[in-house]
Amino acid sequence: FAAQRHVLTYMEDAVSQLLENREDISQYGIARFFTEYFNSVRQGTHILFREFSFVQATPHNRASFLRTFWRCFRTVGKNGGKYSSICYLLTAQEYHCLLQLLCPDFPMELTQKAARIVLMDDAMDCLMSFSDFLFAFQIQFYYSEFLESVAAIYQDLLAGKNPNTVIVPTSSSGQHRQRQPPNDCNPLEGVEASLFYQCLESLCDRSKYSCPPSALVKEMLSSAQRMTFYGFLMSLAKDQAINRALGALPDKGDLFLDPAMDQELEKLVAQVSGLSVSGPASSSADTANMPVRNSPRINSPWKPLHHRRKMDAESEGSNEETDSSEN
């Protein structure tokens, strides 16, 4: 159970965060730190602003990142309000900028691979809707190692070979190789779908990485006689049964609905509105005489502090420049 749930990965990360931030954690205790850390893991917020190596370390981390990306930027997919049917269209580079807001070192190559699933070619400056990119990105990101093996199998079949050995990339060597689209044997015709599925079924049985349910893959391929590689990826991205099995995103029809998040936003707006409303008898003098309340700030125990320290150093430098300019 511990290996299946990657408990050791989270214990090692928690201890690492504890040692890195021990000075701040000593203010409120180790027990509270571990409680908040594993609560964040359960809620899926533990991946925020973390390095890519951690974000992609476990299936739970990947699903949490997908869900967070959707919840943070679902409103980007629509323009003109909650009930508008006008959609924003963004380029791959713009979607990559959104991904880097959550994970600063997120690799551009994964974004480009997701974009190619949508665009089916190398025109990376073309515009994509949020829903098209999101579901393609989900398949590319969550099943990254599986897709690398599928690409190798497809090219062997395209060249007339019968791949008896399933190639499973390691996390370091083949995970983010540049994927070369097949360019021989008239790739537009693809490969025989039934033979392709037999190879994929064997891959799913042997692979130690996440794979889509083989029954759903079989159902998807049974309706076609031949299949191209990018046609297969697009079918995966559009298949709502596979999306439900993965469990990170809602159905496409509910993509812009998030009642829990909407409720939290409404509460926040109400609080801000209440603070901004002043009584008719209030004056600027009364406002000036109001005491300033400094609420205590508690740093998150599982976030590295080097970003904050860097900002503090930059702030001190800017103050010195201001002082010197005044003199």
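Coordinates for the structure precede this section.
Quick caveat: nothing in here was measured; it's all calculated off a predicted structure.

Undergrad: Which parts of the structure should I look at to understand the packing of helix H9 (residues 144-158) against helix H10 (residues 193-206)?
TA: Angle between the axes and distance between the axes are the two parameters that describe a pair of packed helices. Packing of H9 against H10 leaves a shortest axis separation of 11 Å and a crossing angle of 145°. Where H9 crosses over H10, the handedness of that crossing is right-handed. Contact with H9, carried on its side by Phe146, Ser149, Val150, Ile153, Tyr154 and Leu157, involves Leu195, Phe196, Cys199, Leu200, Leu203 and Cys204 of H10 and no other residues of that element. A breakdown of the residues in the contact of H9 with H10 according to their chemical character gives 11 nonpolar, one polar and no charged.

Undergrad: It is not clear to me how the packing of aromatic side chains should be interpreted in this structure. Could you clarify?
TA: Geometry of an aromatic ring pair is reported as the spacing of the ring centres plus the angle between the planes. All chains considered together, the criterion is met by 22 aromatic pairs. With a centroid separation of 6.4 Å and 50° between ring planes, the pair formed by phenylalanine 52 and phenylalanine 141 is classed as tilted. You can see phenylalanine 52 sitting in helix H4 (residues 52-55) and its partner phenylalanine 141 sitting in helix H8 (residues 130-142), a full 89 residues away along the chain. The residues phenylalanine 52 and phenylalanine 141 share a single accessibility class, namely buried. Members of the aromatic cluster, joined through ring pairs, are Phe52, Phe65, Phe69, Phe73, Tyr95, Phe106, Phe130, Phe133, Phe137, Phe141 and Phe256. Against the face of tyrosine 28 rests arginine 32, its NZ or CZ located 4.9 Å from the ring centre.

Undergrad: When you look at the state of the cysteines in this model, what are you seeing that I'm missing?
TA: Linking two cysteines covalently through their sulfur atoms gives a disulfide. By the definition in use, this model includes zero disulfides. With no disulfide of its own, cysteine 211 lies closest to cysteine 204 among cysteine sulfurs, the gap being 4.2 Å.

Undergrad: Just to check I follow, could you spell out helix H3 (residues 30-43) for this structure?
TA: Along an α-helix, residues three or four apart share an orientation, since each turn contains 3.6 residues. Taking 1.5 Å per residue as the helical rise, H3 with its 14 residues ought to reach 20 Å, and the 20 Å between its terminal C-alpha atoms agrees with that figure. Taken residue by residue, H3 has Phe33, Tyr37, Ser40 and Val41 as its buried positions. Each buried residue of H3 sits inside an arc of 105° when the element is viewed along its axis, so together they form one side. The exposed residues of H3 that point more than 90 degrees off its buried face are Ala31, Arg42 and Gln43. Where the residues of H3 are buried, they touch helix H1 (7-20), helix H2 (22-25), H4 and helix H5 (59-73).

The rules behind each value
- Residues numbered from 1 in each chain as written.
- Predicted model: local features only at pLDDT ≥ 70, side-chain atom pairs only at ≥ 80, totals over all residues.
- Heavy atoms only, no water.
- Axes fitted to C-alpha atoms, helices over the stretch in contact; angles between N-to-C directions.
- Helix = DSSP H or I, 4+ residues; strand = E, 2+ residues; numbered from the N terminus.
- Left-handed = near helix turned anticlockwise from the far one by under 90°.
- Contact = heavy atoms within 4.5 Å.
- Nonpolar A, V, L, I, M, F, W, Y, C, P; charged D, E, K, R; others polar.
- Phe/Tyr/Trp six-rings, centres within 6.5 Å; stacked < 30°, edge-to-face > 60°.
- Buried < 20%, exposed > 50% of the residue type's maximum accessible area, 1.4 Å probe, protein only.
- Lys NZ or Arg CZ within 6 Å of the ring centre and 35° of its normal.
- Disulfide = S-S within 2.5 Å.
- Expected span 1.5 Å × (residues − 1).
- Arc of directions from axis to C-beta.

Limitation: the analysis is restricted to geometry and does not speak to function.
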